[in-house]
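# A closer look at the structure
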Amino acid sequence: QVQLVESGGGLVQAGGSLRLSCTASGRTFSGYLMGWFRQAPGKEREFVAAITWSGGSTYYADSVKGRFTISRDNAKNTVNLQMSSLKPEDTAVYYCAGRDSWRSEYNDWGQGTQVTVSS
């Protein structure tokens, strides 16, 4: 069974930076696409960023383009989300997610980590 464990959340002032990490375990991850989603209070969960197994392709929500960078280290089964120029509207619980590339939906989820950006 796949386990995704996030770390790195916390409280930061607007304009600051945070780095989230997610470590995966439980299977072979070749061909495994990984991503980040977030859910703010009272809102639906939304896509933030994703990266293919090779790292050759990355995808971002328009709201975070130019501020967030997703990367992965396959030797460590880890995906990272470097967040810069944070805004109060980035406040949310951030979830790591994964799926095989042939799937249309993410089927593996972490427990989430809180990110709070103060104004």
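Residues numbered from 1 in each chain as written. Predicted model: local features only at pLDDT ≥ 70, side-chain atom pairs only at ≥ 80, totals over all residues. Heavy atoms only, no water.

## So, the packing of aromatic side chains
Following the criterion strictly, the structure yields 5 aromatic pairs and no others. Above the ring of Trp 109, the side-chain terminus of Arg 45 is found at 3.8 Å from the ring centroid. (Phe/Tyr/Trp six-rings, centres within 6.5 Å; stacked < 30°, edge-to-face > 60°. Lys NZ or Arg CZ within 6 Å of the ring centre and 35° of its normal.)

## Here we look at the sheet that holds strand S1 (residues 3-7)
Strands belonging to one sheet form pairs held by backbone hydrogen bonds; the direction of such a pair is parallel or antiparallel. Overall, antiparallel pairing links the 4 strands, which are arranged S1-S3-S8-S7 in an open sheet. Every other strand in the sheet has two partners, leaving S1 and strand S7 (68-73) as the edge strands with one partner each. Within the sheet, the average angular offset between the axes of one strand and its neighbour, ignoring direction, is 15°. Of the strand pairs in this sheet, strand S3 (residues 18-25) and strand S8 (residues 78-83) are connected by 6 bridges, and their pairing is antiparallel. Among the inter-strand pairings, Arg 19 is bridged to a residue of S8, identified as Gln 82. (Pairing = 2+ DSSP bridges. Helix = DSSP H or I, 4+ residues; strand = E, 2+ residues; numbered from the N terminus. Axes fitted to C-alpha atoms, helices over the stretch in contact; angles between N-to-C directions.)

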